[in-house]
Amino acid sequence: MINGIKLIEIIIPIYNEENNISLICEEIFKLKVEKIKFLIHYIDDGSKDNSWKLIKDLSNKYEHVNGTKLTRNFGKDHAILAGIQKCKSDFALIMDGDLQHPVNTIIELVHKINSENCDVVTGNKIYQDQSFFRTVYYYIFKQLTAIDLKNNSDFKIINKKVINFLTQSTEKNFFFRGMIEWSGFKLDKVDFKVGERIHGKSKYNFSSLLHIGFNSIFSYSTTPLRLITISGLILLFISSLLFLRTIYLKIFSTVFDGYTSLMILILIFLSFLIISVGVVGEYLAKIYTEIKYRPPYIIYETTKK
Ligand code: UDP
Ligand code: MG
């Protein structure tokens, strides 16, 4: 029995999904969950194909379809934020537009947020063929931030408290999953099997994942800075020993240290130095982005007011 939920706004970020847009809409409107109505918000994240035209057509055809077009590609997380900031009702559900998040699982998400005393219900991926790179990234992310993203997904339903919190978010490097885990709202989950992508292909290649990976790690953890300090101390200790050894050799022996050991030392110290400057630079870049006060996304046009 669903208590008082009348409307759920479904946010779907879209980047070149022309073959999936109407399919997902039809599937959602076929769902029967007691007396609940669904309102779909497609957020076109700078698609270069026919996606926006299809969204406009659907919005003309159905009262419960809205379209928002961003000026360019701002990234999935920012498209999700744009959608959440459009929500007016008490519940928002976020899902991918490629049907990899099964539409039927919506029913379970809705029932769980209704029956349990929680603010967010997340779709928990029980099985997905994951690239080696993603596995390594999730592992490092967990070590550095204590947030486990391995089975986590953007497939979530959130209540008004969370919508209000995210609506006020001014963070420029918005990372949806990270923000939810960080926020401390009451979480629960529902298992789902990630579907196959039938049309189109994944929008993430090695370099975009690397970009997102660095971005999210530096947004959610300052451990890399701490690691630099710790490694600096360890290196200081090693250099002190080497310093003593050099003095000892100078006094008690005529033997000169070889070229090899010198080169090795220089190389190790130089690479450490460059990496450290790089890490500090990453945080500087983050601060720079935040203080520019630029919006995380820009809306170009919407289909309905
Ligand atoms: N997406 C987006 N902006 C982007 C990349 C992706 O809005 O810059 C959307 C995409 O259209 C899809 C969802 O985010 O609806 C998930 O993308 P994808 O299927 O490529 O990710 P994967 O399943 O490989 O994690
Ligand atoms: Mg996908």
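Along each chain, numbering runs from 1 in the same order as the chain's sequence is written. Starting at A for chains and at 1 for ligands, labels are handed out in the order in which the entities are written. For a predicted model such as this one, the threshold for reporting local features is a pLDDT of at least 70, and the threshold for listing and counting side-chain atom pairs is 80 or more; totals across whole chains, interfaces and linings nevertheless cover every residue. In computing side-chain properties, one takes all heavy atoms of the structure into account and sets aside hydrogens as well as water.

### Digging into the coordination of the magnesium ion (ligand 2)
Move 1: Looking at the metal site, the magnesium ion (ligand 2) is ligated by Asp 98 (OD) and Gln 100 (OE1), spaced 1.9 Å from it.
Move 2: On the accessibility criterion, Gln 100 (18% relative accessible area) is buried. The rule for donors is simple: an N, O or S atom within 2.8 Å of the metal counts, and for Na, K and Ca the reach is 3.2 Å. Water is not among the atoms, so a site may look short of donors. Only protein chains enter the accessibility calculation, which uses a 1.4 Å probe; a residue whose area is less than 20% of its type maximum is buried, one above 50% is exposed, and one in between is partly exposed.

### Details of the pattern of salt bridges
Move 1: Put simply, a salt bridge is a Lys or Arg side-chain nitrogen that is within 4 Å of an Asp or Glu carboxyl oxygen. A complete count under the given rule lists eight salt bridges for this structure.
Move 2: Between Asp 96 and Lys 76 there is a salt bridge whose closest N-O contact spans 2.8 Å. Of the two residues, Asp 96 sits in the loop between strand E4 (91–94) and helix H4 (105–115) while Lys 76 sits in helix H3 (residues 76–84), which places them 20 residues apart along the sequence.
Move 3: For Asp 96, a relative accessible area of 14% puts it in the buried group.
Move 4: In this structure Lys 76 comes out as buried when scored by relative accessible area, which is 19%.
Move 5: The shortest N-O distance in the salt bridge between Arg 197 and Asp 98 comes to 3.1 Å. Of the two residues, Arg 197 is situated in the loop between strand E7 (187–193) and helix H8 (206–220) and Asp 98 in the loop between E4 and H4; the sequence distance between them amounts to 99 residues.
Move 6: On the basis of relative accessibility, which here comes to 18%, the residue Arg 197 falls in the buried class.
Move 7: Take Asp 98: its relative accessible area is 5%, and that puts it in the buried class.
Move 8: Because the salt bridges share partners, they merge into one network encompassing Glu 17, Asp 98, Arg 197 and Lys 203. Numbered from the N terminus, helices here are DSSP runs of H or I no shorter than four residues, and strands are runs of E no shorter than two.

### A look at helix H2 (residues 51–61)
Move 1: Residues of H2 that are buried: Ser 51, Trp 52, Ile 55, Leu 58 and Ser 59. All buried residues of H2 lie within an arc of 125° about the axis, which places them on one face of the element. Set apart from the buried face of H2 by more than 90 degrees, the exposed residues are Asn 60 and Lys 61.
Move 2: Buried residues along H2 sit in contact with strand E1 (7–14), helix H1 (21–30), strand E2 (37–44), strand E3 (65–70) and strand E8 (299–302). Within this analysis, the arc is defined by the directions that extend from the helix axis to the C-beta atoms. Contacts are residue-level and defined by heavy atoms, with any inter-residue pair within 4.5 Å sufficient.

### A short note on the site of ligand 1
Move 1: What makes a residue near a molecule or strand is one non-hydrogen atom of that residue sitting within 4 Å of it. In the vicinity of ligand 1 there are 17 residues, among which Glu 17, Asp 45, Asp 98, Ser 202 and Lys 203 approach most closely.
Move 2: Glu 17 places a polar side-chain atom, nitrogen or oxygen, 2.6 Å from an oxygen atom of ligand 1.
Move 3: Take Asn 73: an N or O atom from its side chain is 3.0 Å from an oxygen atom of ligand 1.
Move 4: Isolated, ligand 1 exposes 530 Å² of accessible area, and the fraction of that covered by the protein chains is 93%.
Move 5: In this classification, Asp, Glu, Lys and Arg are treated as charged, Ala, Val, Leu, Ile, Met, Phe, Trp, Tyr, Cys and Pro as nonpolar, and every other residue, Gly included, as polar. Its residues placed into classes, the shell around ligand 1 shows four nonpolar, five polar and eight charged. Definition of a polar contact: a pair of N or O atoms within 3.5 Å, with one able to donate and the other able to accept a hydrogen when the atoms are protein atoms, and with sequence-neighbouring residues admitted only if both atoms are side-chain atoms. With residues, only the protein chains shown are counted as cover, and all accessible areas are computed by Shrake-Rupley using a 1.4 Å probe.

### Here we look at the sheet that holds E3
Move 1: Pairing between two strands requires that DSSP report at least two bridges joining them. Strand order across the open sheet formed by eight strands is E7-E5-E6-E4-E1-E2-E3-E8, with mixed pairing between neighbours. Looking at which strands have only one partner, the edges of the open sheet turn out to be E7 and E8. Averaged over all neighbouring strand pairs, the angle between strand axes comes to 25°, with direction disregarded.
Move 2: Across eight bridges, E1 lies against E2 in parallel orientation. What sits directly across from Leu 7, in E2, is Lys 37. Each axis is a line fitted through C-alpha atoms, taken for helices only over the stretch in contact, and angles between the N-to-C directions span 0 to 180 degrees.

### Some points on the layout of surface pockets
Move 1: Only protein atoms enter the 1 Å grid used here, on which a cavity is any set of points holding a 1.4 Å probe that cannot leave and a pocket is any open set flanked by protein within 12 Å on both sides along at least five of seven lines; residues with an atom within 4 Å of a point are listed as lining. Grid points are joined across faces, edges and corners, and a volume is the space filled by probe spheres set on the points. Of the voids in this model, the second largest pocket is the one considered here, and its volume is about 310 Å³.
Move 2: In terms of lining residues, the second largest pocket is bounded by 19 residues, among which Ile 140, Leu 144, Phe 214, Ile 217 and Phe 218 are the most central.
Move 3: Every element with two or more residues in the lining of the second largest pocket is listed here: helix H5 (132–145), H8, helix H9 (223–252) and helix H10 (259–291).
Move 4: At six residues, H8 tops the list of elements feeding residues into the lining of the second largest pocket.
Move 5: Along the lines of polarity and charge, the residues of the lining of the second largest pocket split into 16 nonpolar, three polar and no charged.

### Comments concerning the packing of aromatic side chains
Move 1: The rule is short: rings of Phe, Tyr and Trp, with Trp giving its six-membered ring, pair when the centres are within 6.5 Å, and they are stacked under 30 degrees, edge-to-face over 60, tilted in between. In this structure the tally under the stated criterion is 12 aromatic pairs.
Move 2: Ring centres of Phe 29 and Tyr 62 lie 5.2 Å apart, and the angle between their planes is 65°; on these two criteria the pair is classed as edge-to-face. Pair noted here: Phe 29 is in helix H1 and Tyr 62 is in the loop between H2 and E3, with a separation of 33 residues, a long-range link.
Move 3: Members of the aromatic cluster, connected to one another through ring pairs, are Tyr 137, Tyr 138, Phe 141, Phe 175 and Tyr 220.
Move 4: Only when the NZ atom of a Lys or the CZ atom of an Arg is both within 6 Å of the ring centre and within 35 degrees of the ring normal do we say a charge sits over the ring. The residue whose ring lies beneath Arg 72 is Phe 74, and the NZ or CZ to ring-centre distance is 3.9 Å.
Move 5: A cation over a ring is seen here: Lys 156 above Phe 176, with NZ or CZ 6.0 Å from the ring centre.

### Notes on the nonpolar core
Move 1: Formed by 35 residues in total, the largest nonpolar core has its most connected members in Ile 8, Ile 28, Tyr 42, Met 95 and Ile 106.
Move 2: Of all elements in the fold, only E1, H1, E2, H2, E4, H4 and E7 reach the threshold of two or more residues within this core.
Move 3: Excluding residues within four positions of it along the chain, Ile 106 makes contact with Ile 10, Ile 28, Leu 31, Phe 38, Leu 93, Met 95 and Phe 155.
Move 4: Only buried Ala, Val, Leu, Ile, Met, Phe, Trp, Tyr and Cys residues count toward a nonpolar core, and they belong to the same one when joined by side-chain atoms within 4.5 Å. The next biggest cluster of nonpolar side chains, apart from the first, holds 32 residues, and it includes Val 120, Phe 174, Phe 176 and Ile 180.

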